Amino acid sequence: MPAATAKRQRGALMIWLVLLAVLIGAAIGGALVALWVFRNVDARLLLSNQPAKITIDEKLQVTARALDNLNIRLDDTIQTKVPVDQIITVPVKEQLKVMADFDGTIPIKMDVAVRDKIVLDQVLDLNAVVDAEILGDKLKLPIRGKVPVKAIVPVSLDIPVDQPVKLKFTAPVGVRVQQALTVPLVTVIDAAIPIQADLSVPVRSDIPAEAIFTRDPIAATIVESDLRLPLRTLRLEVKDDGARSDGAASAP
C-alpha cells in the first residue's frame, strides 16, 4: 500500500507540473501575442459630427468671400486719355468777325445831304429883262446874248433817295450770334481727373487669401473621420463619477 500511494502522489505531481507548464506556456504565448498586437495593430475610431478643439499651426491658402461691401476712400488724381466721338451742342452768344460775300439789290430810302461847291466855267445864253436906271429914269432893258461865266457856286441840298441799289462786295462783317450750334466732335482728350470720394464697393468674386491662426484652440466639428490609433497610445481610465470604464485615446 505505501508503494501504491507514493506512485499515485508522483502521478498527481506530474499532472500538476504539466498543467503548470501549460499555464506558463499559455501565459508566455499570450504575452507574446499581446506584445505583437500592441506594437503592430491599430485601433480604428470612426467619428461623425464630433465637436472638437483644434489648433492650426501652419498658414492656410484659402478662398474667401466678402460678405459686406468694401469701404474705399479715394483721394488721388488719375491721368487718362478720353476718346470723344459725338455730336455736341455749343451755345454761342458773342460777336464774331466773318467775311461776307454780297451780290444783290438793296432798297434804299433816305435823304442824302449834299454839301459841295460847283465850279462854273462856261458860256451861258442870256435872254432876260433887267431893271436899269438911266439918267434918273427907271427902265426895263432886254438883254440877249452869250455871257461867259467863271465862278464857284456853293451847293447845300437835301436830296431824297428812294430806289433799289445793286450792290456786290466782300468785306469783314461783325456778326452777333445768339443760338446753339450743333457740331461733330472727334478727338482724344488728355485729362487729369481729381477724385475725392468715399466708395462702398460690393465684392462679387472670391478672394484668394492666406489665413494665419492664433495658438488658442478654436471650436470645430469633425464631420466625418476614420482615425487609426496605435494601441500603444491608448489607455483605459475610470470616470470620476463611477460610471463604467471606457476606452479613451490620449498621447502617452
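Definitions and limits used
Residues numbered from 1 in each chain as written. Predicted model: local features only at pLDDT ≥ 70, side-chain atom pairs only at ≥ 80, totals over all residues. Heavy atoms only, no water. Helix = DSSP H or I, 4+ residues; strand = E, 2+ residues; numbered from the N terminus. Buried < 20%, exposed > 50% of the residue type's maximum accessible area, 1.4 Å probe, protein only. Contact = heavy atoms within 4.5 Å. Areas by Shrake-Rupley, 256 points an atom, 1.4 Å probe, with all protein chains shown as cover. Salt bridge = Lys/Arg side-chain N within 4 Å of Asp/Glu carboxyl O. pLDDT = per-residue confidence, 0-100. Patch = residues over 30% accessible without salt bridge, like charges linked within 9 Å, V, L, I, M, F, W, Y side chains within 5 Å.

**Thoughts on the overall build of the protein**
Here is step 1: Check the secondary structure of the protein and you find one helix and eight strands.
Here is step 2: The secondary structure elements of the protein, listed N-terminal to C-terminal, are α-β-β-β-β-β-β-β-β.
Here is step 3: Per-residue burial for the protein yields a buried fraction of 4% across its 252 residues.
Here is step 4: A sequence separation of at least 24 residues applies to 86% of the contacts in the protein between residues at least 6 apart.
Here is step 5: Accessible area of the protein: about 22,100 Å², with a carbon and sulfur share of 60%.

**Focus: the pattern of salt bridges**
As a working rule, side chains carrying opposite charge can pair if their charged atoms are close by.
Here is step 1: If you walk through the whole model with that rule in mind, you get five salt bridges.
Here is step 2: Among the salt bridges present, the one from Arg-73 reaches Asp-198, with a minimum N-O distance of 3.2 Å. Of this pair, Arg-73 sits in strand S3 (residues 70-134) while Asp-198 is found in strand S4 (residues 137-201), placing the two residues 125 residues apart along the sequence. Residues Arg-73 and Asp-198 agree in their burial class; the two are exposed.
Here is step 3: For the salt bridge of Lys-81 with Asp-190, the shortest nitrogen-to-oxygen distance reads 2.6 Å.

**Re the confidence of the model for the protein**
Here is step 1: With 81% of its residues at a pLDDT of 70 or more, the protein has an overall mean of 76.
Here is step 2: Here strand S8 (residues 246-249) stands out as the element of the protein with the lowest mean pLDDT, 41, in contrast to strand S5 (residues 207-211), whose mean of 82 is the highest.

**Things to note about a nonpolar patch on the surface**
Here is step 1: Together, Leu-13, Met-14, Leu-17, Leu-20, Ile-24, Ile-28 and Leu-32 make up an exposed nonpolar region whose accessible area comes to about 690 Å².
Here is step 2: Checked against the element boundaries, Leu-13 lands in helix H1 (residues 2-40).

**Observations regarding the environment of Ala-128**
Here is step 1: With respect to the helices and strands, the residue Ala-128 is situated in strand S3.
Here is step 2: On the basis of relative accessibility, which here comes to 29%, the residue Ala-128 falls in the partly exposed class.
Here is step 3: Taking the C-alpha atoms as reference, Ala-128 lies 5.8 Å from Pro-142; in sequence the two are 14 residues apart.
Here is step 4: Beyond its immediate stretch of four places on either side in the chain, Ala-128 contacts Leu-141, Pro-142 and Ile-143.

**Considerations on the environment of Asp-131**
Here is step 1: Among the structural elements, Asp-131 can be located in strand S3.
Here is step 2: Overall, Asp-131 belongs to the exposed group, its relative accessible area being 58%.
Here is step 3: Along the backbone, Asp-131 and Leu-141 are ten residues apart, and their C-alpha atoms lie at a distance of 6.2 Å.
Here is step 4: The contacts of Asp-131, once residues within four sequence positions are left out, are Leu-139 and Lys-140.

**Overview of the environment of Leu-70**
Here is step 1: You can see Leu-70 is positioned in strand S3.
Here is step 2: For Leu-70 and Val-203, which are 133 residues apart along the polypeptide, the C-alpha to C-alpha distance reads 7.2 Å.
Here is step 3: Those residues in contact with Leu-70 that sit more than four places away from it in its chain are Leu-199, Ser-200, Val-201 and Val-203.

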